[in-house]
Amino acid sequence: MRLEKGKIIVQKYGGTSVGTVERIKEVAHRIAVRKKEADAIVVVVSAMGKETDRLIALAREMADIPNQREQDMLLASGEQVSSALLAMALNEKGVKARSFLSFQLPIITDERHTAALIKDINVEKLLRSFQEGEVAVVAGFQGITPAGEITTLGRGGSDTTAVALAAALNADFCEIYTDVEGVYTCDPQVHGAARKLKRISYESMMELAGLGAKVLHNRCVELARKYNVKILVRSSFNNEGGTWVCGEDEEMEGALISGVTYSREEAKISLMGVPDKPGIASLIFIPLAEMGINVDMIIQNIGRQNAADVTFTVPEDELEKALQVVGNVAKEIGAEEVHYDRNIAKVSIVGGGMRSNPGVASRMFQVLAREGINIMMISTSEIKISCIIDSRYTELAVRVLHDAFELGRA
Ligand code: ADP
Ligand code: ASP
Ligand code: MG
């Protein structure tokens, strides 16, 4: 069976959308209605509600640094439950449906446990399922290595499963159903003045997602751009039109700033009194890279008496691992002390218009200063400025920046 372009619908429902038995029944109802207008429907689901958080907390009770292979075995169970329940709910409605775990298709990934990349997808079984008139329900977030090991794609990774399937099945677009009505100028749960965008380019969305706007997994936006899959982000709680994530076109708003984002999922590590001589930075950062730890911002203060302080940020869930590595390095190079801080947040403003408008950064610093918010670290690129601040001020910072750059107004 071959599908013509546009004949297939790919939908993804996130955790809140399938958070309870009632919600799953409602989602089944939505799918039953859509089934009437499509040749074939694939539905990707996340784990129910906060199930993945619960499983991670269990793993942390077992070990400070859980074995990554075993963590993936554990986390993949969340999506197994929701996919089977949704298929049951559809069957109850008289809609033929079959659930699939990713090893059954399979969805092949590389070996990077907890942050695996999709390498290949076999859609044969899905096509057979369509031929049988079934809705195919696929467990999101999980994959399998060529050697048969279960992997997961990183937090929020079900979005990526959905877009990868849309690309593999030649679908025109991929519908992402969530608990907000689309992509906004900032997290609508943090600021009531957030404005829903009708469209956003892949580039801007990649930047927003990469800097913490978890409405879409950043890998999914990258894949969508690569395979030219349009994404429609909308709510599973109503029928409002959502946000299109697509290539740039003339209807795009040429805004100076497209959004404000935040991430509390980072931690800061400082090595104090590091000998100030060539080669030291590589001694610190090569072992971190070898452990697969992503270092984000780095600053070095020139200190006293040929010593410097080096401060950098890492994903908070890799802090323990990073501290282990840094502890060893500190001894090796003769650093005086290691400090760390979990209670930080990264607040960023993003927008293509920044390129041609000097003064955005200074305005951002001014706005934060006016609120008495101290900036610990700064990093900039052509289209974003990020500041590390005390996490207590995250919401306040998002709101004042959003208002200062007048993002609430169309
Ligand atoms: P799902 O479980 O459906 O995948 P997520 O919690 O992963 O949902 O993502 C949706 C959440 O993303 C929203 O509830 C919202 O709080 C948050 N969010 C952060 N930034 C934005 C933004 N710019 N636009 C929309 N939602 C955002
Ligand atoms: N259940 C996974 C998570 O919570 C994947 C997802 O929701 O997309 O991260
Ligand atoms: Mg999500």
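The structure displayed is predicted, hence computed values, not measured ones.

> Lay out the site of ligand 2 in plain terms, naming residues and giving numbers.
As a structural note, the neighbourhood of ligand 2 is formed by S46, A47, T52, E79, F141, R155, G156, G157 and S158. In the model, a nitrogen atom of ligand 2 is placed 2.8 Å from a nitrogen or oxygen of the T52 side chain. A distance of 2.7 Å separates a nitrogen atom of ligand 2 from a polar side-chain atom of E79. Coverage of ligand 2 by the protein chains reaches 87% of its 260 Å² of free accessible surface.

> Give a detailed account of the site of ligand 1, specifying residues and quantitative values.
Among the 17 residues in the neighbourhood of ligand 1, the closest are listed as T178, D179, Y184, D187 and Q189. Within the backbone of G15, a nitrogen or oxygen atom sits 3.0 Å from an oxygen atom of ligand 1. Notes on ligand 1: free accessible area 570 Å², of which the protein chains cover 88%. Of the residues belonging to the shell around ligand 1, the class tally is eight nonpolar, five polar and four charged.

> Go over the sheet that holds strand β12 (residues 243–246) with me, naming the residues and quoting the values.
If you trace the eight strands from one edge of the open sheet to the other, you get β3-β6-β2-β1-β9-β11-β12-β10, paired in mixed fashion. Strands at the two margins of the open sheet, each flanked by one partner only, are β3 (97–100) and β10 (199–201). Going across the sheet, the axis of each strand differs from the next one's by a mean of 20°, ignoring polarity. Bridge count between strand β1 (residues 8–13) and strand β9 (residues 173–178): four bridges; the pairing is parallel. Pairing of V10 across the sheet is with C174, part of β9. Here helix α3 (residues 68–92) sits on the sheet and contacts β2 (40–45), β3 and β6 (135–139); the angle it forms with β6, its principal contact strand, is near 165°.

> Could you give me a rundown of α3, with the residues and numbers involved?
With 25 residues, α3 should cover 36 Å at 1.5 Å per step; its first-to-last C-alpha distance of 37 Å lies within 8% of that length. Taken together, the buried positions of α3 are Q71, D72, L75, A76, G78, E79, S82, S83, L86, A87, A89 and L90. Between a side-chain oxygen at the N-terminus of α3 and the backbone nitrogen of R69 the separation is 2.9 Å; the capping residue is N67. Of the residues flanking the end of α3, it is G94, one or two places downstream, whose phi is positive at about 85°.

> Describe the pattern of salt bridges, with residues and values.
For the coordinates displayed, the defined rule picks out 21 salt bridges. As a salt-bridge pair, R342 and E316 come within 3.3 Å of each other at their nearest N and O atoms. With R342 in the loop between β17 (337–341) and β18 (344–350) and E316 in the loop between β16 (307–315) and α9 (319–333), the pair connects residues that are 26 residues apart, well separated along the chain. Here R342 falls in the partly exposed class, since its relative accessible area comes to 32%.

> Summarise the nonpolar core; cite the residues concerned and give the values.
By size, the foremost hydrophobic cluster in this structure holds 45 residues, and its most contacted members are L126, F130, M205, L216, I231 and V245. The greatest single-element share of this core, amounting to five residues, is contributed by helix α5 (residues 158–168). By size, the runner-up hydrophobic cluster in this structure holds 27 residues, among which are Y184, C186, A194 and C387.

> Any details on the sheet that holds β16? Residues and values, ideally.
The strand order across the open sheet formed by four strands is β15-β16-β14-β17, and the pairing between neighbours is antiparallel. The sheet is open, and its two borders are formed by β15 (298–302) and β17, each paired with just one other strand. Sheet twist, expressed as the mean angle between neighbouring strand axes with direction ignored, is 15°. Pairing of β15 with β16, which is carried by five bridges, proceeds in the antiparallel orientation. By the bridge assignment for β16, I299 is matched with T311. Taken strand by strand, helix α8 (residues 280–290) contacts β14 (266–275), β15 and β16, and its axis lies near 20° from that of β16. Set on the sheet, α9 makes contact with β14, β16 and β17; between it and β14 the angle comes to about 0°.

Reading the values: the criteria
- Residues numbered from 1 in each chain as written.
- Chains lettered and ligands numbered in written order.
- Predicted model: local features only at pLDDT ≥ 70, side-chain atom pairs only at ≥ 80, totals over all residues.
- Heavy atoms only, no water.
- Near = heavy atom within 4 Å.
- Polar contact = N/O pair within 3.5 Å; in protein donor to acceptor, adjacent residues only side chain to side chain.
- Areas by Shrake-Rupley, 256 points an atom, 1.4 Å probe, with all protein chains shown as cover.
- Nonpolar A, V, L, I, M, F, W, Y, C, P; charged D, E, K, R; others polar.
- Pairing = 2+ DSSP bridges.
- Helix = DSSP H or I, 4+ residues; strand = E, 2+ residues; numbered from the N terminus.
- Axes fitted to C-alpha atoms, helices over the stretch in contact; angles between N-to-C directions.
- Contact = heavy atoms within 4.5 Å.
- Expected span 1.5 Å × (residues − 1).
- Buried < 20%, exposed > 50% of the residue type's maximum accessible area, 1.4 Å probe, protein only.
- Salt bridge = Lys/Arg side-chain N within 4 Å of Asp/Glu carboxyl O.
- Core = buried A, V, L, I, M, F, W, Y, C linked by side-chain atoms within 4.5 Å.

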